[in-house]
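# Tertiary structure, described
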Amino acid sequence: MSYCAVATCRSYRRTGKFCTKSFFRFPKDPATCATWVHRCSRQDPINVLQARICSDHFLDSDYDPSYLVKASLMPGVSPCLKTDAVPTQNLRSAGSSGPAQQSTRASRSDRRQMKSLAQDIINTEGASSSLSDRSRSISLDASNQMEWSPAATDLPAGEVQYLSPLEEVQKLSQQNRRLKLRMEKQKRQWRQERQMLLRKLRVAERKAHKLQKLLRLGVVTEKQVSTVQSGHRVQWTAEDISRALGLRCRSRKAYEYVQQVMHLPLPSAATLSRWIRGFRVTPGVIEAALAVLRAAVQGMGALERLCVVSFDEMALSSRYCYDASADQILQGSKLQLLMVRGLCAAWKQPLFYEIDSPMTNQKLNSVISVLESLGLRVTAVVSDMGGANEGMWRSSGICADRTWIINPVDDTRRVWVFADAPHLIKLMRVHTVADDGGLLIPDGRGGRALLGRGTFLELLELDRAELRVAHKLTNLHVQGTGQVSQRVRLATQLFSHTVGTAIKELLPRRQPQAEAVLTANAWFDVLNSRSQFDATIERSAYGRTAEIKAVQDRALDKMTSLISDTRKTSAKHPNGHRSMLPFQQGMLRTTVSLRGLYEELHRTVPELQFVLTSHLNQDCLENCFSQIRSLGGANTTPNAVEVRSRLKVLLMAPAPQVAASSGRAVLQLEPSDLMSTSRAPQQLPCVSNEALEGLLIQFEEPDQELAAREDNEAEGAYQAVAAPPSSSHEEVTPLQSESATAGDERLEREALAFVAGFVAAKCRHLDAGLGQTTDQAPPSSVPSSWVRALSRGRLTVPSPNWMTIVEEFEVIFRLMMGDTVDGQSGIVQRLLAALQVKRPSLDARIARKLVTTRVHLRIRSLNQRQDEVAAERRAAKQVRQHVRSGELHLFLFDLLDIFIAIIQSSSIVMVIKPL
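Below: a short report on this structure. Given the structure is predicted, the values throughout are model-derived calculations rather than measurements.

Here is what the cut-offs are and how they apply
Residues numbered from 1 in each chain as written. Predicted model: local features only at pLDDT ≥ 70, side-chain atom pairs only at ≥ 80, totals over all residues. Heavy atoms only, no water. Helix = DSSP H or I, 4+ residues; strand = E, 2+ residues; numbered from the N terminus. Buried < 20%, exposed > 50% of the residue type's maximum accessible area, 1.4 Å probe, protein only. Contact = heavy atoms within 4.5 Å. Areas by Shrake-Rupley, 256 points an atom, 1.4 Å probe, with all protein chains shown as cover. Expected span 1.5 Å × (residues − 1). Core = buried A, V, L, I, M, F, W, Y, C linked by side-chain atoms within 4.5 Å. Domains from an automatic or database assignment. Axes fitted to C-alpha atoms, helices over the stretch in contact; angles between N-to-C directions. Parallel < 35°, antiparallel > 145°, perpendicular 65-115°, else oblique. Left-handed = near helix turned anticlockwise from the far one by under 90°. Nonpolar A, V, L, I, M, F, W, Y, C, P; charged D, E, K, R; others polar. Polar contact = N/O pair within 3.5 Å; in protein donor to acceptor, adjacent residues only side chain to side chain. Arc of directions from axis to C-beta. Phe/Tyr/Trp six-rings, centres within 6.5 Å; stacked < 30°, edge-to-face > 60°. Lys NZ or Arg CZ within 6 Å of the ring centre and 35° of its normal. Pairing = 2+ DSSP bridges. Salt bridge = Lys/Arg side-chain N within 4 Å of Asp/Glu carboxyl O.

## Observations regarding the overall build of the protein
- Scanning the protein from N- to C-terminus turns up 30 helices and 16 strands.
- Within the protein, buried positions represent 42% of all 915 residues.
- Long-range pairs, those at least 24 residues apart, make up 67% of the contacts in the protein between residues at least 6 apart in sequence.
- If you sum the accessible surface of the protein, you get close to 50400 Å²; carbon and sulfur atoms cover 54% of it.

Below, the structure written as structure tokens:
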């Protein structure tokens, strides 16, 4: 009910903020509620659940005393009545006549007149004349019978002011004008707010449209869109984590820019680290990759399940490194990686890896069996022409007539063996432009012609103008050696259609060489097709149509004939070797395998119409190796531990190419307080720490991060231990006054004391009795000459008890490790157990710090020894090269002397004869 329930009251409850009155519900007590109903003096029934009585009908004494206190302290608090309060003010008296006693007809007439009068006031500005006319027409009897409510704001409580109808109308007109002004002002504000809200709505709609577009394009995920729209936290999916990890591996700054400036929701660094810790990569078949592949196979069709297996090796740093997750010291120089990819679909997955372990028939058969158990069908195996791979194929019976192996799961099917076509064309270029000869090719007339660097140099000499016909051919293509010779692009441009045609047109005497170049180009086009149709027929998919297949088979036949009759020539074999080189055998094997694979699949898989031969090379592996190298920035040769971490990131993130700003190794971290479970003392920040903070681009497991920090800390200790005493001191120190043998032992004890002081300083917060700084330590029996000579007052001198413990552990360490390292897993745990047996009361965290520091010092020493051996080998190689160069010069000088002597003797003879 919007009005006050009292019969003579016109208070309106929905006036909003302009209403200064309070409205009270009817009490729940039946007796009190009946009194309230009686005081309202209404003839119509009252709904006590919805009816309200305004504050004009109550005294101040009717209010709860607590409300009066609250109202004085907190204006605006809601009033509260006593439980026995009843309305007593401004009520209709017993003998008065009011609107309820009027006849129904007279009441309706008066209401119509008042309504008409109010309407005229609203519609006309000058309402004074209308007011006077209308007011005279109102019945005096009616005005006398009407009782008007008092102005509660201007009168004391209990007084009632009676206004005439004219005065009431004038007062209402003034209030109406004020309300109209307020209403106009409010309308303007509402219009402004509406326009602002419409603008915000249009902006939000545009953003929503952009988000939906980005969602359709795959730029953002549904979880990110949901977070942007709702602002609530979400549970990230594996896809979100993978995308975020790929961006984080590309650049830390890019990740923070997207997250903080673009306000795009991304998982936190802690979330990414937690996911990485749960992702395990162990040598052999990678179980995580196998699980992903098992789920993907469920939605594949028959053609998508056809797959190719390829494997290759990548060079690693042979330095020793500590694997914290396995508690093992590792060393490796080769990464053996196996990848499976679709033959008719665009999918690929690294599946198998090992360190310093060549591929064998048993390993290959086990991988093929695993893939077949998933529902895939292995059709081919691709490898390069490495010696270990060729030995494995020979043991499998691979030869010119048999280029396949039996499928270990189904002996009725064959797995065809391919050599990497880009690798083969690269080897062909190397042997063609070699210094000591070239390739003897058939000339078409029963003879032989030499295809060597001379042919291409002759073309370069003839085509030297600014506008050239063979514009891509340079001296680098012909004379490049070393790492340059490993570029496949140089080989494909050398054996290209442009170069072959240029030789054919510009060098008429070199027609056999031109045909050989054109034949090699056509063969490589057939083995590197990437689309169904191409302007060059040979580059179309193999077997796409009968006409295309006929042209491609002719190119394969010509290459087979050329390679079968080609021999490598050299100074030792000027007429050519009797046997073919490995790259020639690989070309013949690949040609036979391509035809056999197509015929078998065309017969057993009716849906297959063509084969994209680019899926039968190792480009996917080379791309994977490039990504692994790039994950370390300038450190492109990872060690055995780093390559595992990079492979883990590569499997979790989509193509994480990295542009790192640091040239250091992947795990180069600043020292921190994570070396123990207790909190370490706070260190003052330095400029270098702030400048280098966040440059790392690879996430690591906490154990590996801890190992890296300990490795870096041990590096400083190793440098201090390995550095000789300064020669700038003029006075002779005790270190220099001993004999040679005694001096070596003393130096070793001094270095061990430095290590003990280093560990004592790091664990000072765990046990302050391990040592004191040099400016506070008193003279003791502990050897501290080197520490004091090196210190500027803050290095730590170990206590005698701690030095004894360190010396006992050094004996244990040498007995267990020897002069090299123990390659078994759990090395730190075994050393800790031995030290705990010797010193059971020693804090485990202090013992672990001592053990890990000593292990990292041994690793650094071995790596330094290895670097010295490598430097000696390089120096010896350079000496041999200089000796050979000097011998060549001497030989040329001898030839020149003989030639001069022959010329001089010939001149003498010519002079004597006329005489």
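## Here's the deal with helix H22 (residues 619-630)
- Here H22 spans 16 Å end to end across 12 residues, near enough to the 16 Å set by a 1.5 Å rise per residue.
- Residues of H22 that are buried: Cys620, Leu621, Cys624, Phe625, Gln627, Ile628 and Ser630.
- Contact partners of the buried residues in H22: strand E4 (306-315), strand E7 (334-342), strand E8 (348-355) and helix H23 (640-652).

## A look at the environment of glutamate 515
- Counting through the fold element by element, glutamate 515 comes out in helix H19 (residues 511-526).
- Under the relative-accessibility criterion, glutamate 515 is labelled partly exposed at 32%.
- Considered as a pair, glutamate 515 and histidine 497 are 18 residues apart in the sequence and their alpha carbons are 10.0 Å apart.
- When near neighbours in sequence (up to four residues on either side) are disregarded, glutamate 515 contacts Lys504 and Lys558.

## Remarks on the nonpolar core
- In terms of nonpolar packing, the biggest core is built from 59 residues, with Met428, Trp523 and Leu616 touching the most fellow members.
- No other element matches the 8 residues that H19 contributes to this core.
- Counting the residues that make up this core, at least three belong to each of domain 3 (279-420 + 617-657) and domain 4 (425-615).
- In this structure, Ala756, Leu766, Val782 and Leu832 belong to the second largest nonpolar core, which totals 35 residues.

## Observations concerning the packing of H19 against helix H20 (residues 546-564)
- In the contact formed by H19 and H20, the axes pass within 9 Å of each other and the chain directions differ by 130 degrees. On the basis of their axis angle, the class for H19 and H20 is oblique. For the element pair H19 and H20, the recorded crossing hand is left-handed. Across from Glu515, Ala516, Thr519, Ala520, Ala522, Trp523 and Val526 in H19, the residues of H20 making contact are Gln552, Ala555, Leu556, Lys558, Met559 and Leu562.
- Residues that form the contact of H19 with H20 fall into these classes: 9 nonpolar, 2 polar and 2 charged.

## Here's the deal with the environment of aspartate 62
- Inspection of the secondary structure assignment puts aspartate 62 in the loop between strand E2 (52-54) and helix H2 (65-73).
- Distance from aspartate 62 to aspartate 84, taken between C-alpha atoms, is 8.2 Å for residues 22 residues apart in sequence.
- When sequence neighbours within four positions are dropped, the list of residues in contact with aspartate 62 reads Leu81, Lys82, Ala85, Val86 and Thr88.
- There is a polar contact of 2.9 Å between the side chain of aspartate 62 and the backbone nitrogen of leucine 59.

## A word on unusual backbone geometry
- The phi torsion at asparagine 90 lies on the positive side, around 55 degrees, for a residue other than glycine.
- By the element assignment, asparagine 90 lies in the loop between H2 and helix H3 (104-123).

## Quick notes on helix H7 (residues 222-230)
- Among the residues of H7, those classed as buried are Gln224, Val225 and Thr227. Projected down its long axis, H7 carries its buried residues within an arc of 160 degrees, all on one side. When the buried face of H7 is taken as reference, the exposed residues oriented beyond 90 degrees from it are Glu222 and Gln229.
- Tucked inside the fold, the buried residues of H7 contact helix H6 (165-217).
- Among the residues trailing H7, glycine 231 stands out with phi positive, at a value near 80 degrees.

## With respect to the packing of aromatic side chains
- Tallied over the entire structure, the rule returns 8 aromatic pairs.
- Taken together, the ring pairs connect Phe24, Phe26, Trp36, Phe58 and Tyr63 into an aromatic cluster.
- Across the ring face of tryptophan 404, the terminal group of arginine 402 is positioned such that the distance to the ring centre comes to 4.4 Å.
- When the ring centre of tryptophan 404 is taken as reference, the NZ or CZ atom of arginine 414 above it lies at 4.0 Å.

## Quick notes on the sheet that holds strand E14 (residues 567-569)
- Strand order across the open sheet formed by 3 strands is E13-E12-E14, with antiparallel pairing between neighbours. Whereas interior strands pair on both sides, the edge strands pair on one side only; in this sheet they are strand E13 (448-451) and E14. Strand-to-strand, the axes of this sheet are offset by a mean angle of 40 degrees, without reference to chain direction.

## As for the pairing of E7
- For E7, the buried fraction is high: 8 of the 9 residues fall into the buried class.
- Pairing of E4 with E7 involves 9 bridges; the strand directions are antiparallel. Opposite valine 308, over in E7, you have arginine 341 as the bridge partner.
- Where E7 meets E8, 7 bridges bridge the pair, whose relative direction is antiparallel. If you follow leucine 338 over to E8, its bridge partner there is phenylalanine 352.

## Quick word on the packing of helix H8 (residues 238-250) against helix H10 (residues 269-277)
- At a minimum axis distance of 10 Å, the contact between H8 and H10 shows a crossing angle of 105 degrees. For the element pair H8 / H10, the angle class is roughly perpendicular. Of the residues in H10, those touching H8 at Ala238, Ile241, Ala244, Leu245 and Arg248 are Thr271, Leu272, Trp275 and Ile276.
- Here the contact of H8 with H10 is composed, by residue class, of 7 nonpolar, 1 polar and 1 charged.

## Considerations on the environment of cysteine 9
- Mapped onto the elements, cysteine 9 comes out in the segment before strand E1 (23-25).
- In this structure the C-alpha to C-alpha distance between cysteine 9 and cysteine 54, which are 45 residues apart in sequence, comes to 8.7 Å.
- The residues contacting cysteine 9, other than those within four sequence positions of it, are Cys4, Cys54 and His57.

## Quick look at the pattern of salt bridges
- Per the stated rule, a full pass over the model turns up 29 salt bridges.
- With a shortest N-O distance of 3.7 Å, aspartate 463 and arginine 468 are connected by a salt bridge.
- For arginine 468, a relative accessible area of 25% gives the class partly exposed.
- The partner of aspartate 553 in a salt bridge is arginine 595, with the nearest N and O atoms 3.8 Å apart. Of this pair, aspartate 553 sits in helix H20 while arginine 595 sits in helix H21 (residues 582-604), placing them 42 residues apart in sequence.
- Looking at aspartate 553, the relative accessible area reads 16%, which means it is buried.
- Taking the relative accessible area as the measure of exposure, arginine 595 reaches 24% and is therefore partly exposed.
- Salt bridges linked by common partners bring Lys549, Asp553, Asp557 and Arg595 together as one network.

## With respect to the side chain of serine 614
- Residue position: serine 614 is located in the loop between H21 and H22.
- Serine 614 gets classed as buried once you look at its relative accessible area, which sits at 6%.
- In this structure the side chain of serine 614 is engaged in a polar contact, spanning 3.0 Å, whose partner is the backbone oxygen of serine 529.
- Leaving out residues up to four positions away in the same chain, serine 614 has contacts with Arg341, Leu527, Asn528, Ser529 and Arg530.

## Overview of the side chain of aspartate 240
- By the secondary structure assignment, aspartate 240 is in helix H8.
- Note on aspartate 240: relative accessible area 5%, which makes it buried.
- Side-chain polar atoms of aspartate 240 contact the side chain of threonine 221, separated by 2.5 Å.
- Not counting chain neighbours up to four residues away, the residues in contact with aspartate 240 comprise Thr221, Lys223 and Pro267.

## Structural notes on the pairing of E13
- Taking every second residue as pointing to the same face, the buried face of E13 carries Ala449 and Leu451, while none of Arg448 and Leu450 on the other face is buried.
- Bridge count between strand E12 (residues 438-442) and E13: 4 bridges; the pairing is antiparallel. When the bridges of E13 are listed, leucine 439 appears paired with leucine 451.
- Counted along the chain from E12 to the antiparallel partner E13, the turn is 5 residues long, and its residue glycine 444 has a positive phi close to 90 degrees.

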